[in-house]
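# Observations on chain architecture
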Amino acid sequence: MTGKKKISKGNIERLLNEWSQEFTVFVPSQENGVATLAKWGGGDTSFLAWYRNTITPAKANFFPPMEEMFSFRKDREGYHIELPPTDERKQLIFGIRPCDARALAILDMTFKDAYEDPYYLSKRNNTVLIGLGCLNPYDSCFCTSLGISPAESTDVDLMLTDIGDQFLIEEITQKGRELIATASGVEEATEADEGKAKEVKEASYKKVAKKIETEDIKEKLLPAFNNQDYWERAAAKCLSCGICTFLCPTCYCFDINDEMVKNQGERLRSWDSCAFPIYTKMPMENPRVEKWRRVRQRVYHKYEFYPMSFGVIACTGCGRCIRQCPVNWDITQALNGLPAKI
Amino acid sequence: MSYLPTKNRDVEQRLRDEAKSLLEQGRVDYVIGFEPGSLKFTTTPLITNNKDDVDHLVINPFIVNNLSVYLTEIKGRVGIIAKGCDSRSIISLIQDKQVVREDIVIMGIPCPGLIDLKKVERLVGKDRDELDNIIRDGDKVVITVDGQGKEYPITEVLYDNCLGCEFPTPQEYDVLLGEPAPLVTDLTASRQKIEMLEGMSQQQRWDFWKDEFSRCIRCYACRNICPACFCERCFVEESEPQWVLPVPRWQDNLIFQVVRNIHVAGRCTDCGECERACPMNIPLRSLARKTYDLVDELFHYKSGTDKEASPLMTAYEQAEAEDFIR
Amino acid sequence: MTIADISHRRKFLKTGNVYLPHTAKIEKIIDETFGERAIRTFHFNFKDEKLREEFTFESGQFAEYSVFGIGEAPFCISSSPTRKDHLEFAVLRIGKVTNALHRLGVGAEIGFRGPYGNSFPLDLLQGENLVFVAGGIGLAPLRSLIWNVIDNRDKYKNVDIIYGARSPSDLCFKYDLDTWDKDKTVNMVTTVDRSDESWTGRVGFVPKVLEEVAPSANNAIAIVCGPPIMIRFTFPVLEKLGFNPEQMITTLEKRMKCGIGKCGRCNIGNLYVCRDGPVFTYAQIKSFISSEY
């Protein structure tokens, strides 16, 4: 008796249907060649065969690309502000990878700090995460350098490991325990199952080829901050688009805009990027006019400033920034290439 | 890793020698070319003033970037590697007086077409990093997966815009490296998506683009990778007046892309980079190519072919049609 | 004496959704300067009676003011917490939101989110000699503190106010300058970079005038605010006069949107100007990781 559970892949469809009674279920789906988390429409579990990771990270379910903060209406008495209707239904994300799940834990720190962000946190508190370990990391993945294992996670409610025709299920939180207690198709796992899972996890860990020397980085980063020559070289090919920041599961910068037509309007929050030239632009000056300052800011914010404030590097090695960058700018190269400490 | 059959490797070496001598002789301050990327089957732009770095320069079927996009931001004289479409972008920039011809040394590379990794992935059913090798041999390509090599016609894996390429050999260059490339013209195959759109009704097209642009996240990769988008301040960054909100609603996204295409009409050379860069697989080239065709149809003008010509949209001839003025 | 890290002196507003503004009505508009980059002061009050009574803030804090439908922008609260019959803020017309604010008339409704940020450390300023150095609209955040000090005059020692603008027509808060000039308990020095026919007062850049006035650094604290170039030239003068970096306070300005340390844009290294500032000591600035201030 291992205390762990398992479920065969053939029973996943029934399980998801069951969960759909209580939750809005999100699963990996492929549309127009883009893998995202989309609402489970019932019936299609083909993602189990092709799924590696989504293009847009799971943060989009909690911090969407565009969100209404509130609406306002003007009449003779003045302005009336109204919050948007909230979706009372709970969310369930099936198949979140350890890198994206850890990223949510990292994002939590910002959205809870000083003032609580109601939009992000209400969704976060309303969501159950079912993690799925990677079997096949990309050549752009480097999660292992950041203390994350591609097939292990404690940032989810239930953790699934693919052991062939079945998934091994680890109960991580109370929410997860309750969820699986009443689920159909769940069996007790055997010692052999656990052994297989352990093999799978180790194999997956070894497959992650890209690495950064994090211990080394901590020493080399601060002294290199004012090394303009290094950062100008490193930033030369960057195009200052927003792909790396938008697809990054731990990036959270946003913009706030109003729109009003006649007497009705709304305030919208949308993704913004420190890579954009006008991000820090003020009427009289812009501290980051030069591209190398913006590229440097991104690297330092993730690897130096966030750790100073919250004790954790704001990167989970998911590799989307490298994979999707149209000029193949690689943060691991920028970090590994830092000049040696003098 | 070299993806070239051996006979092309000496072109690569000639390129490296040429680039090195440009830097050594002080004829340029920077060399812009391609070096192997950090991921399998990718290359990445190399921008360097160090003559030892040019040993990394490569020529292979994956040198996709249109490097002319860097010409408007690099200060100094530049030695730049240009394929056919790239050279036209350079000519277009010269026409717009964004680049001074004497400040650049163009190392032209006749291009037989580049391999679209997304097409390879669809064809083989595996992701790019799961393939062993992709080797082009003339009009065939051999893709090796799990030790097994399979041959396909090259036309199945070339980029759409490469299939319809009219100018594979650079139109302007200081030195030409390699033999002039054969024309791989299959304009029909290249315009397949556009034909499909042309066959739709206006309502169907509207619904199509509304759906596509609902995926757009306004990363601006399409704009930033385009050499023709060299404005210091783009219209989407204006707040007085606010033409479009920076919010990724499909309406704003659609207007942004349509206006962007109109702004680059006459400058766009159908290099296809906008579509390649888009992380959400929006068929942006369909809009770009359609505009390109309209420019040809209405003004009998192909962008980037004559560096002495005035830019299309900024020049006015008295004899021009005025039937749209009512 | 030293000023410890004053970034932690923040007040958190207990409220439901921190992004929801309170509605307020403009009660009075004062034209401080005219021209293309005009400056206006707005006097306003909350529409909600209860909030009007309960609302508190400290000198140095700022708020995010909305013109609904146009946007939000951060401005310091330029009135003093000792005079709470109304609240004030000053706006330089230069962009989308500020233009929209300048188009508003008395009675118009705006949104108010705040107070955010930290404040001037009154407990450390008490019993000290205070030297205020300001330029142009930089007097706005200092004004809140100056009135605060004057309303509790016996808690502070000597008060010097050195204020300058580009020209006589660019001087802000002229009504305050007059009052402070007549006030025997403070030493008011006004200067302009270049004078006009009507000006009979001092002429000279603020840092230079500061050097001439030469206030003593003994048991003194300098509070500086103005355009970045003025600040950059003022600090060395203060150091020459014997002020330690811990004896110099300033308030910084950065592009802001959320005002609560979430949207990311106002950071200087690991600090957010909205959350850990905007009031900083020169000692803190010197040890900032990034020179982006």
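It should be emphasised that the depicted structure is a prediction, and the values quoted were computed from it without experimental measurement. Each chain has its residues counted from 1, following the order in which its sequence is written. Written order decides the labels, with chains lettered from A and ligands numbered from 1. Side-chain atom pairs in this predicted model are given and counted only at pLDDT of 80 or more, local residue features only at pLDDT of at least 70, and totals for whole chains, interfaces and linings cover all residues. Computation of side-chain values covers all heavy atoms of the structure but excludes hydrogens and water.

### So, the side chain of glutamate 67 of chain A
All names here are of chain A. Mapped onto the fold, glutamate 67 is located in strand β4 (residues 66–75). The rule is simple: take the accessible area with a 1.4 Å probe, protein chains only, and divide by the maximum for that residue type; under 20% is buried, over 50% is exposed, in between is partly exposed. A relative accessible area of 8% means that glutamate 67 is categorised as buried. Polar contacts involving the side chain of glutamate 67 include one to the side chain of lysine 123, which spans 2.5 Å. Should any heavy atoms of two residues lie within 4.5 Å, those residues are considered in contact. In this structure, glutamate 67 is in contact with Tyr119, Lys123, Arg267, Leu268 and Arg269, ignoring residues within four places of it in sequence. Each helix corresponds to a stretch of at least 4 residues labelled H or I by DSSP, and each strand to a stretch of at least 2 residues labelled E; elements are numbered beginning at the N terminus. Identification of polar contacts relies on pairs of N or O atoms within 3.5 Å, with a donor-acceptor requirement for protein atoms, meaning one able to donate a hydrogen and the other able to accept it, and with residues adjacent in sequence counted only if both atoms are side-chain atoms.

### Remarks on the domain arrangement of chain A
Interface size is often expressed as the accessible area that is lost when the parts come together. Residues and elements named next belong to chain A. All the domain ranges listed were derived from an automatic or database domain assignment. The domain boundaries assigned to chain A delineate domain 1 (5–207) and domain 2 (217–336). Here domain 1 and domain 2 have C-alpha centroids that lie 25 Å from each other. Across the boundary between the two partners, domain 1 contributes 40 residues, which contact 40 residues of domain 2. Using a 1.4 Å probe, buried area is obtained as the accessible area two parts lose upon being combined, added over both of them. At the boundary of domain 1 with domain 2, total buried surface from both sides reaches about 3500 Å², with 64% on carbon and sulfur atoms. Considering only the surface of domain 1 that becomes buried against domain 2, Phe63, Phe72 and Phe142 emerge as the three largest contributors, covering 18% of it. Just to be clear on terms, a salt bridge is a Lys or Arg side-chain nitrogen sitting within 4 Å of an Asp or Glu carboxyl oxygen. The interface formed by domain 1 and domain 2 includes three salt bridges. When the shortest N-O distance is used, the salt bridge between arginine 269 and aspartate 117 registers 2.7 Å. For the pair domain 1 and domain 2, the number of links is 23 residue pairs in polar contact (both at pLDDT 80 or more).

### Overview of the interface of chain C and chain A
Facing the 42 residues of chain C at the interface are 48 residues of chain A. Our count for the chain C to chain A interface comes out at five salt bridges. Salt-bridge contacts for aspartate 113 of chain A lead to arginine 275 of chain C; the nearest nitrogen and oxygen are separated by 2.6 Å. The interface formed by chain C and chain A includes 27 residue pairs in polar contact (both at pLDDT 80 or more). Mapped by element, the contributors of at least two residues to the side of chain C that touches chain A are β3 (62–67), β4 (71–76) and β6 (109–116) of chain C. By residue number, the principal contributor to the side of chain C that touches chain A is β6 of chain C, which donates three residues.

### As for the sheet that holds strand β7 (residues 129–135) of chain C
Residue and element names in this part refer to chain C. In short, DSSP must find at least two bridges between two strands for them to pair. An order of β10-β9-β8-β7-β11-β12-β15 is seen for the seven strands of this open sheet, with the pairing classed as mixed. For this open sheet the edge positions go to β10 (202–203) and β15 (279–281), each flanked by a neighbour on one side alone. Taken together, the six bridges between strand β8 (residues 159–165) and strand β9 (residues 187–192) define a ladder with parallel strand orientation. Bridge assignment links isoleucine 161 to a residue of β9, and that residue is methionine 188. Against the sheet, helix α5 (residues 174–182) makes contact with β8 and β9, and its axis sits at roughly 135 degrees relative to β9, the strand it touches most. To obtain an axis, a line is fitted to C-alpha atoms, over the contacting stretch when the element is a helix, and the angle between two such axes runs from 0 to 180 degrees between their N-to-C directions. Strand contacts of helix α7 (residues 228–240): β7, β11 (220–225) and β12 (248–251), with the helix running at about 165 degrees to β11, the strand carrying the most contacts.

### With respect to the pattern of salt bridges
Applying the stated criterion across every chain, the model contains 70 salt bridges over all chains. When the shortest N-O distance is used, the salt bridge between glutamate 275 of chain B and lysine 193 of chain B registers 3.4 Å. Note that glutamate 275 of chain B is positioned in helix α10 (residues 273–277) and lysine 193 of chain B in helix α6 (residues 192–198), a separation of 82 residues in sequence. In this structure, lysine 286 of chain C and glutamate 239 of chain C form a salt bridge, with 3.2 Å as the shortest nitrogen-oxygen distance. Of this pair, lysine 286 of chain C sits in helix α9 (residues 282–286) while glutamate 239 of chain C sits in helix α7, and the two are 47 residues apart along the sequence. According to the relative accessible area criterion, lysine 286 of chain C is partly exposed, its value standing at 49%.

### Section: the environment of serine 273 of chain A
All names here are of chain A. Among the structural elements, serine 273 can be located in the loop between β12 (264–271) and α10 (291–310). For the pair serine 273 and leucine 158, spaced 115 residues apart in sequence, the C-alpha to C-alpha distance is 33 Å. Excluding residues that lie within four positions of it along the chain, serine 273 makes contacts with Cys241, Gly242, Thr245, Phe246 and Tyr279. Within the structure, serine 273 has its side chain in polar contact with the backbone nitrogen of alanine 275 (distance 3.0 Å).

### A look at the packing of aromatic side chains
Pairs were defined over the aromatic rings of Phe, Tyr and Trp, the Trp ring being its six-membered one, requiring ring centres within 6.5 Å. Orientation was assigned from the angle between planes: stacked under 30 degrees, edge-to-face over 60, tilted for the rest. Under the definition given, this model contains 49 aromatic pairs over all chains. Judged by centre distance (6.3 Å) and plane angle (85 degrees), the rings of tryptophan 50 of chain A and tyrosine 51 of chain A are edge-to-face. With relative accessibility at 9%, the residue tyrosine 51 of chain A sits in the buried group. Centre to centre, the rings of tyrosine 115 of chain A and tyrosine 116 of chain C are 5.6 Å apart; their planes meet at 75 degrees, and the pair counts as edge-to-face. Residue tyrosine 115 of chain A is located in the loop between α3 (98–112) and α4 (118–125), and its partner tyrosine 116 of chain C is located in strand β6; the two belong to separate chains. Accessibility assignment for this pair places tyrosine 115 of chain A and tyrosine 116 of chain C in one class, buried.

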